[in-house]
Amino acid sequence: MRTHIVWDWNGTLLSDMAAVVGASNAAFATVGLPPLTLEEYRAQYEIPIPRFYERLLGRAPSPAEWLALDDAFHVKYTELFPGCGLTPGVEALLARWAAGGRSQSVLSMYAHEQLVPAVDAFGLTSHFTRVDGRRGESGGRKAGHLAVHLDALGDGIDRGRTVLIGDAADDAEAALAAGIKSVLYTGGSHTREKLTHLGVPVVDSLAEAVAVAEELAGYDR
């Protein structure tokens with residue numbers, strides 16, 4: 001069984017933080033919140049998303065407010081998405097990993113019906129054994145989705161040699177619940193300070209993330 005990486009998409013393989021902050025600010029306007037800068041966003045962000053909004057509002061959003069926030073975010077993100085690109089070096093990293101006889105997949109909380117064509121549009125689909133996005137309501141946590149993803153991968157991977165690479169505390173918590181390892185990348189949704197307390201490796205580049213994943217998985221070059 002092969003060493004395997006489960007990649008996060010938004011904020012990890014996809015460099016989309018400008019679009020995320022722009023979409024978030026459009027959402028905030030629906031409830032009278034002021035816009036955030038990128039660094040303010042990264043310092044405040046958390047999952048599940050309703051808790052993030054609660055932190056900013058000082059109270060839980062009402063059901064109607066949550067729907068307005070969520071709708072405004074996704075409309076604006078879709079508008080801004082064409083300006084997003086891959087994190088520098090992604091194509092070479094994915095190709096090198098696959099060339100070594102190892103496998104990789106994508107699991108994202110981006111809606112499945114939007115994720116699949118997005119990954120394909122960047123020419124990356126052939127690198128992955130599976131590409132899974134969120135099925136169901138937005139705003140939740142990744143752990144349940146990761147469990148389903150790993151079950152679908154089945155016996156083709158060794159969970160003891162499987163590493164999730166993501167950019168959020170929720171990625172590490174999902175990996176822990178699934179019994180796999182994780183590496184967190186500081187170029188996405190969280191500041192380094194919000195990741196270092198989780199007890200998993202925290203890195204500043206995806207190249208470093210892959211190198212650490214190899215060490216964690218015990219890959220023999």
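Up top is the structure.
Reading guide: rules and limits
- Residues numbered from 1 in each chain as written.
- Predicted model: local features only at pLDDT ≥ 70, side-chain atom pairs only at ≥ 80, totals over all residues.
- Heavy atoms only, no water.
- Axes fitted to C-alpha atoms, helices over the stretch in contact; angles between N-to-C directions.
- Helix = DSSP H or I, 4+ residues; strand = E, 2+ residues; numbered from the N terminus.
- Parallel < 35°, antiparallel > 145°, perpendicular 65-115°, else oblique.
- Left-handed = near helix turned anticlockwise from the far one by under 90°.
- Contact = heavy atoms within 4.5 Å.
- Nonpolar A, V, L, I, M, F, W, Y, C, P; charged D, E, K, R; others polar.
- Core = buried A, V, L, I, M, F, W, Y, C linked by side-chain atoms within 4.5 Å.
- Buried < 20%, exposed > 50% of the residue type's maximum accessible area, 1.4 Å probe, protein only.
- Pairing = 2+ DSSP bridges.
- Salt bridge = Lys/Arg side-chain N within 4 Å of Asp/Glu carboxyl O.
- Expected span 1.5 Å × (residues − 1).

A.B. asks: Looking at this model, I keep getting lost on the packing of helix α7 (residues 143–153) against helix α8 (residues 169–178). Mind explaining?
C.D. replies: Each pair of packed helices gets described by two things: the angle between the helix axes and the distance between those axes. Here α7 crosses α8 at 50°, and the two axes come no closer than 9 Å. With respect to α8, the axis of α7 lies oblique. For α7 against α8, the interelement crossing comes out right-handed. Contact residues: A143, L146 and L150 in α7; A174, A175, A177 and A178 in α8. When its residues are assigned to classes, the contact of α7 with α8 shows seven nonpolar, no polar and no charged.

A.B. asks: When you look at the nonpolar core in this model, what are you seeing that I'm missing?
C.D. replies: When a protein is soluble and globular, its nonpolar side chains tend to lie buried together. Counting residues in each nonpolar core, the largest one holds 54 residues, and the members touching the most others are W7, W9, L13, Y53, Y77, F128 and I165. No other element matches the seven residues that helix α1 (residues 17–29) contributes to this core. Of all hydrophobic cores here, the second largest spans 11 residues; its members include V6, L153, A174 and A175.

A.B. asks: Got a minute to help me understand the sheet that holds strand β7 (residues 181–185) in this structure?
C.D. replies: Backbone hydrogen bonds are what pair the strands of a sheet, in a parallel or an antiparallel way. The sheet built from six strands is open, its strands ordered β5-β4-β1-β6-β7-β8 with parallel pairing. Every other strand in the sheet has two partners, leaving β5 (131–134) and β8 (202–203) as the edge strands with one partner each. Set on the sheet, α8 makes contact with β6 (157–166) and β7; between it and β7 the angle comes to about 175°.

A.B. asks: How should the pattern of salt bridges be read in this particular structure?
C.D. replies: Where charged atoms of side chains with opposite charge meet at close range, the side chains can pair. One pass over the structure, following the stated rule, counts 14 salt bridges. Measuring nitrogen to oxygen at the nearest pair gives 3.8 Å for the salt bridge that ties R51 to E46. Note on E46: relative accessible area 15%, which makes it buried. Among the ionic pairs, R55 bridges to E46, the shortest N-O distance being 2.8 Å.

A.B. asks: It is not clear to me how α1 should be interpreted in this structure. Could you clarify?
C.D. replies: An α-helical segment advances 3.6 residues per turn. Residues three or four places apart therefore align on the same side. Taking 1.5 Å of rise per residue, the 13 residues of α1 would be expected to cover 18 Å, and the 18 Å separating its terminal C-alpha atoms lies within 8% of that figure. Restricting attention to buried positions, one finds in α1 the residues M17, A19, V20, V21, A23, S24, N25, A27 and F28. Against the buried residues of α1 lie β2 (14–15), α2 (38–44), α3 (49–57) and α4 (63–80).

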